[in-house]
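In case you want the letters, here they are:
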Amino acid sequence: ERVRSLYDSGAVVNPARLVATMRLPLRPFWVVHGDEERLGDRVVNMNKILRREDCLAVVCISCSNFGLARQQISPPESLSATQPFQYVPGASDDHELWSRGLDPIVFRDNADKILCEDNAGLEINLDDVIKARIDKAVAAAASHRDGEDGSSSRCYDPIGGTGIFVGTRRSGRPPLCWTMFDAILNVTNVEYDDMTTAATIPRNKFYLQMPVAEGKRDRNDLERYMAAGLAFVSIHVSAGRRVLVHCAQGRDRSVAVVIACIVTLCELQDPLILRPKVKDLTYVNLCQFMFGKYQDDLDGENKEMCSQSGLSEALMTKLVGRPGRKLVLEWMEKSLGLQRINDECLANKETLRIALHLVVQHREVASPTRSTMQKLNRFFMSEVHELLENKVNLG
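**Re the pattern of salt bridges**
Two side chains carrying opposite charge are able to pair once their charged atoms lie near each other. Tallied over the full model, the rule gives 9 salt bridges. D182 is paired through a salt bridge with K205; the nearest N and O atoms lie 3.0 Å apart. With D182 in the loop between β6 (164–167) and β7 (183–186) and K205 in the loop between β7 and β8 (206–209), this residue pair connects regions lying 23 residues apart in the sequence. Among the ionic pairs, E330 bridges to K326, the shortest N-O distance being 2.7 Å. In this pair, E330 and K326 both sit in helix α12 (residues 321–336), 4 residues apart, roughly one turn of the helix. The exposure class assigned to E330 is partly exposed, which follows from its relative accessible area of 24%. A relative accessible area of 37% means that K326 is categorised as partly exposed.

Written out as structure tokens, the structure reads:
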């Protein structure tokens, strides 16, 4: 039943390829609360588990504590067999904090070094030793992804046939980046010096920064600037330009923006291609929707162009925050003929999850944090919550 539910959800976008890739059946190995006394033995045997020849091992760590949710009056022997689980707050939700930058691929490739017992019996802080090993492994993996020769050729990936690329900060480094991309969206709060003024950006090239801090240091800027980023990518993709969206590692913030683009600009299926009507998402079209006329018809300071991005300052002002979110989503809904899910929103948790899986097909290191996915979900769902609140207030 669970397998059928997963298949029907569309989360596995290409089941045939998945089956062809799997050489052996999957088998889960669990580490749960109560195993503390045996945990040392499990760690020692971890390499043997990961190298089993009769199956592909999936090591699962439960962050819930088995126990009663409320005090029972009945004697223990009469308790139901379906006892509830008590969740341990923070045990897994904040994996971006406690994982220290590890992902499954980096752990697999460095398991021997991270878990080795060379220091057993020595009077040292094993936590510091393990942290140093992890930091070294993560740094080496990042260096490999970015390209050891300092080039940008190995630190970005195209997302299907959309004309959208996801990459690391190095992929957006001038001047080399302009030989590969026509428009660059920087989803970090730092910039290369040659990106800060229009004078240093080549003619007919475009650049926009979404100043978003990394991880939980960002409070709401990802949501605040998401509409601007979505409009920037849409306009330049509609013109047939190659658009790079990058953050520091091309794993979290930039992936969130690309997911927002995928759920609106594409059908959620493999291979990923743009909807035919994306060509209508032009700058002129957006200005007419926002102002009722083309931007150049406006007077005064509103006529001044923010030449780095190709968008006017007046337009950029309208695109920020909740008003910008509402306007951009309405513009895309009308221009693309999108259908709202259950007459409520253009995307929800399920469609965002499917879009993430589609992105991972092309960018294997894409791994947005739970916090980032929550912000992305709020960006699309907030309008629904506001409508419900208004109905309650009116009632």
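**A closer look at helix α8 (residues 221–238)**
End to end, α8 covers 26 Å across 18 residues, agreeing with the expected 26 Å (1.5 Å per residue, within 8%). When the local axis directions of α8 are compared, the greatest deviation, roughly 35°, occurs at A227. In terms of residue burial, α8 counts as a mostly covered element, since 15 of its 18 residues are buried.

**A look at the packing of aromatic side chains**
How two aromatic rings sit relative to each other is set out by the distance from centre to centre and by the angle between their planes. As enumerated under the stated definition, the model contains 4 aromatic pairs in all. Judged by centre distance (5.3 Å) and plane angle (65°), the ring pair of F165 and F181 falls under edge-to-face. Of the two residues, F165 is situated in strand β6 and F181 in the loop between β6 and β7; the sequence distance between them amounts to 16 residues. Of the residues examined, F165 reaches a relative accessible area of 8% and is grouped as buried.

**Examining the packing of α8 against helix α9 (residues 253–265)**
Between two packed helices, both the angle of their axes relative to each other and the distance between the axes serve to describe the pair. With their axes 10 Å apart at the nearest point, α8 and α9 run at an angle of 55° to one another. It follows that α8 is oblique to α9 by the angle criterion. The two elements α8 and α9 meet at a crossing, and its hand is right-handed. Each of L222, M226, L230, V233 and S234 in α8 lies in contact with α9, whose residues at this interface are R253, A256, V257, A260, C261, T264 and L265. Broken down by class, the residue content of the contact of α8 with α9 amounts to 9 nonpolar, 2 polar and 1 charged.

**Details of the nonpolar core**
What tends to happen in soluble globular proteins is that the nonpolar side chains get buried as a cluster. Formed by 63 residues in total, the largest nonpolar core has its most connected members in I259 and F380. With near-sequence residues (within four places) excluded, F380 lies in contact with A260, V263, T264, L329, C345, L346, A347 and L352. With 12 residues, the next largest nonpolar core counts Y156, W178, F181 and M195 among its residues.

The rules we used
Residues numbered from 1 in each chain as written. Predicted model: local features only at pLDDT ≥ 70, side-chain atom pairs only at ≥ 80, totals over all residues. Heavy atoms only, no water. Salt bridge = Lys/Arg side-chain N within 4 Å of Asp/Glu carboxyl O. Helix = DSSP H or I, 4+ residues; strand = E, 2+ residues; numbered from the N terminus. Buried < 20%, exposed > 50% of the residue type's maximum accessible area, 1.4 Å probe, protein only. Expected span 1.5 Å × (residues − 1). Bend = angle between axes of the 7 residues up to and from the residue. Phe/Tyr/Trp six-rings, centres within 6.5 Å; stacked < 30°, edge-to-face > 60°. Axes fitted to C-alpha atoms, helices over the stretch in contact; angles between N-to-C directions. Parallel < 35°, antiparallel > 145°, perpendicular 65-115°, else oblique. Left-handed = near helix turned anticlockwise from the far one by under 90°. Contact = heavy atoms within 4.5 Å. Nonpolar A, V, L, I, M, F, W, Y, C, P; charged D, E, K, R; others polar. Core = buried A, V, L, I, M, F, W, Y, C linked by side-chain atoms within 4.5 Å.

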